[in-house]
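# Observations on the three-dimensional arrangement
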Amino acid sequence: MTAEVVAEPGAPPPRCTITVCRGCCCGTDRRNPGVDHDRLERRLRLQLARDVRLRYTDCLGPCTQANVIVVNPSAKGRAAGGRAAWLGRILDVDAVDDITTWANAGGPGVANPPATLDLYSFKPAKHGH
């Protein structure tokens, strides 16, 4: 199941789309005990500009990388060569802050990501967990 925070009518096209995994492992103490997952999610949601689309999904698959977030380019970013950025092990406020800074600046294809996001970047396998 995917839930989406919808932009207001007449709002400008989104800067980019962020998909947050909240499935079997992401956002749970089972995979990453001692992390305040709800706090991280609230921080992400509250720091994003209104024109950044935010979606939640049950499971993106690479559970060993929990917590997983995918930053997808806007139409403008895609036209400029931007591609989806898969980020894993998002377990602290610094990572969340870097993601929101990048998304608010336009995301893939529009703005360069903070160098620290290289530490979280990975290429997902084609199939399953």
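Read on for an overview of the structure.

Each value, and the rule that gives it
Residues numbered from 1 in each chain as written. Predicted model: local features only at pLDDT ≥ 70, side-chain atom pairs only at ≥ 80, totals over all residues. Heavy atoms only, no water. Buried < 20%, exposed > 50% of the residue type's maximum accessible area, 1.4 Å probe, protein only. Helix = DSSP H or I, 4+ residues; strand = E, 2+ residues; numbered from the N terminus. Arc of directions from axis to C-beta. Contact = heavy atoms within 4.5 Å. Phe/Tyr/Trp six-rings, centres within 6.5 Å; stacked < 30°, edge-to-face > 60°. Salt bridge = Lys/Arg side-chain N within 4 Å of Asp/Glu carboxyl O. Core = buried A, V, L, I, M, F, W, Y, C linked by side-chain atoms within 4.5 Å.

Our focus in this paragraph is helix α1 (residues 37-47). Buried within α1 are the following residues: His37, Leu40, Glu41 and Leu44. Relative to the axis of α1, the buried residues are bounded by an arc of 95° and lie together on one face. Against β2 (16-21), β3 (53-57), β4 (69-73) and α3 (93-105) lie the buried residues of α1.

What follows is about the packing of aromatic side chains. Enumeration according to the criterion identifies one aromatic pair in this entry. Considering the side-chain rings of Trp86 and Phe122, the 6.0 Å spacing of their centres and the 70° angle between planes classify their relative orientation as edge-to-face. With Trp86 in strand β5 (residues 85-87) and Phe122 in the segment after α3, this residue pair connects regions lying 36 residues apart in the sequence.

Moving on to the side chain of Glu41. Looking at the element boundaries, Glu41 is found in helix α1. Residue classification places Glu41 among the buried residues on the basis of a relative accessible area of 13%. Here Glu41 is in contact with Arg22 and Tyr56, once residues within four sequence places are set aside.

This brings us to the pattern of salt bridges. Inspection of the entire model under this criterion finds three salt bridges. For Arg45, the salt bridge is made with Glu41, and the minimal N-O distance between the two is 3.1 Å. Here the residue Arg45 and the residue Glu41 both occupy positions in helix α1, the gap between them amounting to four residues, near one helical turn. Put simply, Arg43 and Asp97 hold a salt bridge, and the shortest N to O gap is 2.7 Å. Of this pair, Arg43 sits in helix α1 while Asp97 sits in helix α3, and the two are 54 residues apart along the sequence.

The linkage connecting Ala66 with the following residue, Asn67, adopts the cis geometry, with an omega of 5°. Within the element layout of this structure, Asn67 appears in the loop between β3 and β4.

Grouped together as the largest cluster of nonpolar side chains are 25 residues, with contacts concentrated most on Ile18, Leu44, Ile69, Val71, Ile90 and Ile99. Listed by contribution, the elements that provide at least two residues to this core are β2, α1, β3, β4, β5 and α3. The element that contributes the greatest number of residues to this core is α3, accounting for six residues. The residues touching Ile90, leaving out its near neighbours within four places in the chain, are Leu40, Asn67, Ile69, Ala95, Val96, Ile99 and Tyr120.

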